[in-house]
Structure formats: structure tokens, C-alpha cells
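Okay, here's what each chain looks like letter by letter:
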Amino acid sequence: MDFDLTAEQREIQRLARAFAEAEIAPNAADWDRAHAFPRELLGRLGELGLLGVCVPETDGGAGADFVSYVLVLEELSRADAGVGVTVAVHTSACTLPLLAHGSVEQRAEFVPPLARGEVIGAFALTEPGAGSDAGALRTRAERTDDGWHVSGTKQWITNGSFAGTFLLFARTDAEREGARGVTAFVLDAAHVAVTREEEKLGLNSSSTADLAVDAVVPAERLLGEENHGFRIAMSTLDGGRIGIGAQAVGIAQAAYDVARAYAVERRAFGQRIGDFQAIQHKLANMALEIDAARLLVYRAAWAKQAGHPHTAEGAMAKLFASETARRQTAEAIQILGGYGYTKEFPVERYYRDAKITEIYEGTSEIQRLVIARELLGKPAVGGS
Ligand code: CAA
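A quick note: this is a predicted structure, and the numbers were derived from the prediction, not measured.

Scoring rules and cut-offs
- Sequence order as written defines the numbering, with residues in each chain counted from 1.
- Two thresholds apply to this predicted model, a pLDDT of at least 70 for residue-level local features and 80 or more for giving and counting side-chain atom pairs, whereas whole-chain, interface and lining totals are computed over all residues.
- Only hydrogens and water are set aside; all other atoms, that is, all heavy atoms of the structure, feed into the side-chain values.
- By the criteria applied, helices consist of DSSP H or I runs no shorter than four residues and strands consist of E runs no shorter than two, each listed in order from the N terminus.
- Under the scheme applied here, a residue whose accessible area is under 20% of the maximum for its type counts as buried, over 50% as exposed, and between as partly exposed, the area being computed with a 1.4 Å probe on protein chains only.
- When checking whether two residues touch, look at their non-hydrogen atoms; a contact exists if any pair is within 4.5 Å.
- Areas reported as accessible are Shrake-Rupley estimates using a 1.4 Å probe. Residue values count occlusion only from the protein chains shown.
- For the purpose of counting charges, residues Lys and Arg are taken to be positive, whereas Asp and Glu are taken to be negative. His and the chain ends are not included.
- For charged residues, the charge sits on one atom: NZ in Lys, CZ in Arg, CG in Asp, CD in Glu.
- Stacked, tilted and edge-to-face are the three classes applied to pairs of Phe, Tyr and Trp rings, where Trp contributes its six-membered ring and a pair requires centres within 6.5 Å; stacked means planes under 30 degrees apart, edge-to-face means over 60, and tilted covers the rest.
- Here a residue is considered near a molecule or strand provided that any single heavy atom belonging to it is located within 4 Å of it.
- Contacts described as polar in this section are N or O atom pairs within 3.5 Å, which, within protein, must combine one atom able to donate a hydrogen with one able to accept it, while residues neighboring in sequence count only if both atoms come from side chains.
- When a carboxyl oxygen of Asp or Glu is within 4 Å of a side-chain nitrogen of Lys or Arg, the pair counts as a salt bridge.
- A residue counts toward a patch only above 30% relative accessible area and without a salt bridge, and it is joined to like-charged neighbours within 9 Å or, for Val, Leu, Ile, Met, Phe, Trp and Tyr, to nonpolar neighbours within 5 Å.
- Here the arc refers to the directions that run from the helix axis out to each C-beta atom.
- A helix's residues, less one, multiplied by 1.5 Å, set its expected span.

## Looking at the overall build of the chain
Secondary structure summary: the chain contains 11 helices and 10 strands in total. Along the first, second and third principal axes, the C-alpha atoms of the chain reach 80 × 50 × 45 Å. Across the 384 residues that make up the chain, the buried fraction comes to 54%. Put simply, 72% of the contacts in the chain that link residues at least 6 apart link residues at least 24 apart. Total accessible area computed for the chain in this model is approximately 17000 Å², and 52% of it derives from carbon and sulfur atoms. Charged side chains in the chain number 39 positive and 52 negative. The centres of these two groups are separated by 5 Å.

What follows is the structure, given as C-alpha cells:
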């Protein structure tokens, strides 16, 4: 067993941290208020290779491994979790499934522009009536003479307002219930209309949009096998959840950094508040949980990179890291007291941003279900 990062992983971590500290963190509060970050940032991330970290060089990426990719997500999210999720969805929910399931032609057409950051990717699975029960989706794709007519609505699509490539899931067999009869398609921005930009509790710098789709696309836009798209969605989420775990670790680390600095600076009752055992225990618990979450995330990333099963590992990492981020960002506010509740310090933003990590890419309840199914097998209907 080797807990060291490789020289290449450390180099990519250093690059992402330096960029995030210089170009992202100082602006994150403004972007939170503005409900957007400047789109030029994506161009800069693309130039640095951070929009295709774990995509092979032959496909336009930086050619690093999946562990390097989660290190990048952790660093970006430590600075601004909205930037973190933008990169996470672009990479692991759009680019990587196209790489894994695309034909030679699809890979050649769609992956290099995504990996270079010339086009941003989105993942369109969720619908108003299909969130945790993703298999209940109603967007339809009906055969035409030489392709498919895709029609329906999608909800809460990260990057939806500016993405150029959408991995979109639609029902191709109306007779089949649930997850069966779902197919994956690759759509362009021209095929979808943004109907609403969501207002959220946090993660304000990222875009979350509702979409309407009513488009005829050629047969070559079908990804993988007809009626087997749900497997693509699920295996995509297996990897995506590791990225959200990394995002949660980044947010929690940022909160810890502020809380620790405050504890050694702030004085009360004639001493540093960090000299009180009550504060020491809080900081110790923060450090402990963040370390445990990070280890789970790195283990899951290593398992994916090594080609090992990682469904349960990813769900465990995401579940523990997201609950850690929610708990420990709240503790950071507690350590800062009244200051923590104001916008003078960033911990209130971290707290708002952390909450979503327990919800998207599968709620904590879904993660526990996924872990239990891996332990016990899938129970009969009604048994879960
Ligand atoms: N890998 C590959 N295939 C898988 C799989 C996996 N991990 N898990 C299931 N499958 C396959 C099954 O083998 C089955 O295939 P066949 O039909 O060929 O046998 C098919 O998928 C259906 O599986 P289930 O019967 O288990 O499906 P289900 O309806 O019981 O649902 C679920 C399972 C785990 C609850 C699933 O619906 C789920 O994960 N829900 C949560 C949805 C979610 O995470 N949404 C996130 C939205 S994206 C997002 O949030 C992005 C963002 O903005 C950050």
C-alpha cells in the first residue's frame, strides 16, 4: 500500500491549487453575489488542461489519471464549489461517458473539443417527475426515417445554459417501464432551449437550468445501445459521485482553514479561543472527518483508475464526504460565532454550498440504497 501521490499527481495538484488561489478564491464571494463566474475562466481552465485532466492526450486531454482529476476538483472546489461542479459535470458526466461509450466517430467528433474546453458539456437525466427515481423519465425519442425525434423537458441541468454538448437520456421504448427502454443521446445546444435558470441556496456561481427539447437528430447521435442507456447513466454516476465527494472535501477543507486561522487569532477571556478545549475538540473533529472523507475519495478514485468495481466505493466516498462537508461547515460557522454568520467571512457560503453535495448525483438516501444493494443484492420490489 502506498499513500503517496505520484510526482505527476502532485504537479497537477500544485498547478490547480496555484490557479485556484490566485484566480478563483479572491473572486468567489463576488461570483456568489453575481450568481455567475465570468465565462473566460473556462477558457483559462481549458488552456491549463483542467477541462480534460483524465482524458487521453490522443483525445485532446491532459492524459493524467482519475486520481489527478479528483485532486483538481478538490482544489477548485476549495476556492469556489460552483466552479468545481461546472468542471465535474463537464468532465465526468459528459466527456468521460462519451469517451467510454462513444463509437470511434463519436469520440473523434465530440471528445477533443470538450477535453480542450472549447465546448462545455452537460448531463441531462433529471426531469420534474424523475429525480431519485431517474428511471421514471418521460422525455421521449421516437424513430424518424433516418434518426430520432427527441422531445420533453429536463430539470436542474448543471451547465445547461451554456453547454454545447448534452448527454441526454430519453425513453425509446414506451412499452417498457422504469429504467428499461431508456437510451442515451448526444445533443447540441441548438437542439435544446433553456426555459429557466434556477435560483439556489448556494453554489450560485454555477448554472442550473431547465431545458425543453424538441429536435430531430440523426441516428449517429444515439450513444451505445438502444434501450440500454440507463446503464450508461448509472456507470457515469458511479464515477461522477467520486468527483462530488472530492468537491465536498474541498469545501470542508476551505471551512477548516478559515476556522483554524480564526481560532489562533481571536481572543476571548484573555486567551486565544483555540486554547479552549471546546474549540480544540471541534477542530480535531473537523480534521479527523475531512481526512477520513479524503481517504475514501482517493480510494474510490484509485479503484476506478485501476479498473476495479467502484459503485459502493464511490457511493461511500460521496456519502461520507458530503455529510462531513455539511457538518463541518456548520462547525466552522460556530467557531467564528457571529462573524461566521456574516458575509465578512466565507464560511456561510461554504455552508450553503456544502448542502447540495448531499443531494445531487444521488441523495444520501440513494447512496445508502446503492451501498446496501452492493452488500446484499437488489431486494424485491418494495423491499428497499
Ligand atoms: N452500473 C451499470 N449499470 C447499472 C448500475 C451501475 N452502477 N446500476 C444499475 N445498473 C443497471 C442495472 O443493471 C439495470 O440494467 P438492466 O436493465 O440492463 O438489467 C438498470 O441499470 C436498472 O437498474 P435498477 O433496476 O437498479 O434501477 P432502479 O430504477 O432500481 O434505480 C437507482 C436505481 C440507484 C435508484 C437510480 O435510479 C439512481 O441512481 N437514482 C439517483 C439518480 C441520480 O443520482 N441523479 C443524479 C442526477 S445528475 C446530477 O445531479 C449532476 C449534477 O448536476 C451535479
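## Notes on the packing of aromatic side chains
Taken as a whole and assessed by the stated rule, the structure comprises eight aromatic pairs. Pairing Trp31 with Phe37 gives two aromatic rings, centres 6.1 Å apart and planes at 55 degrees, and the pair type is tilted. We classify Phe37 as buried; its relative accessible area is 3%. Considering the side-chain rings of Tyr339 and Phe345, the 5.8 Å spacing of their centres and the 65 degrees angle between planes classify their relative orientation as edge-to-face. For Tyr339, a relative accessible area of 34% corresponds to the partly exposed category.

## Let's talk about the site of the ligand
For the ligand, the set of nearby residues contains 25 residues, the closest of which are Ser132, Thr158, Arg231, Glu361 and Lys378. Between the ligand and Asp238 there is a distance of 2.8 Å, counted from a nitrogen atom to a side-chain nitrogen or oxygen. Between the ligand and Gly362 there is a distance of 3.0 Å, counted from an oxygen atom to a backbone nitrogen or oxygen. About the coverage of the ligand: the protein hides 78% of its 1100 Å² of free accessible area.

## Regarding the pattern of salt bridges
Proximity of charged atoms lets side chains of opposite charge pair with each other. Tallied over the full model, the rule gives 25 salt bridges. The salt bridge involving Arg196 is made with Asp210; its shortest N-O contact spans 3.1 Å. With Arg196 in strand S6 (residues 192-197) and Asp210 in strand S7 (residues 208-218), this pair connects stretches of sequence that are 14 residues apart. You can call Arg196 partly exposed: its relative accessible area is 39%. In the salt-bridge network here, residues are joined through shared partners; they are Arg17, Glu75, Arg78 and Asp257.

## Here's the deal with unusual backbone geometry
Positive phi, close to 60 degrees, is recorded for His35, a residue that is not glycine. Tracing the backbone through its elements, the reader meets His35 in the loop between helix H2 (28-34) and helix H3 (40-47). Looking at His35, the relative accessible area reads 37%, which means it is partly exposed.

## Quick look at a nonpolar patch on the surface
The grouping of Met1, Phe3 and Leu295 at the surface amounts to a nonpolar patch, some 450 Å² of accessible area in total. Structurally, Leu295 is set in helix H8 (residues 277-305). Classification of Leu295 as partly exposed rests on a relative accessible area of 43%.

## As for a positive patch on the surface
A cluster of basic residues, Arg180, Arg231, Arg373 and Lys378, forms a positive patch on the protein surface. Following the sequence through the fold, Arg373 ends up in helix H11 (residues 364-376).

## Considerations on H3
Because an α-helix completes one turn every 3.6 residues, residues spaced three or four positions apart along the sequence face the same direction. Of the residues making up H3, those classed as buried are Leu41, Leu42, Leu45 and Gly46. The arc enclosing the buried residues of H3, seen along the axis, measures out at 140 degrees, which places them on a common side. Exposed residues pointing more than 90 degrees away from the buried face of H3 are listed as Glu40 and Glu47. The inward-facing, buried residues of H3 abut helix H1 (7-24), H2, helix H4 (66-79) and helix H5 (81-101). Gly49, located one to two residues past H3, shows a positive phi value of around 85 degrees.

## Side note on H1
For H1, built from 18 residues, the straight-helix expectation of 26 Å at 1.5 Å per residue is met to within 8% by its first-to-last C-alpha distance of 25 Å. Within H1, the full set of buried residues consists of Gln9, Ile12, Gln13, Ala16, Phe19, Ala20 and Ile24. Taken down its axis, H1 places every buried residue within 135 degrees of arc, on the same side. For H1, exposure combined with an orientation more than 90 degrees from the buried face picks out Ala7 and Glu21. Where H1 is buried, its residues touch H2, H3, H4, H5 and H8.

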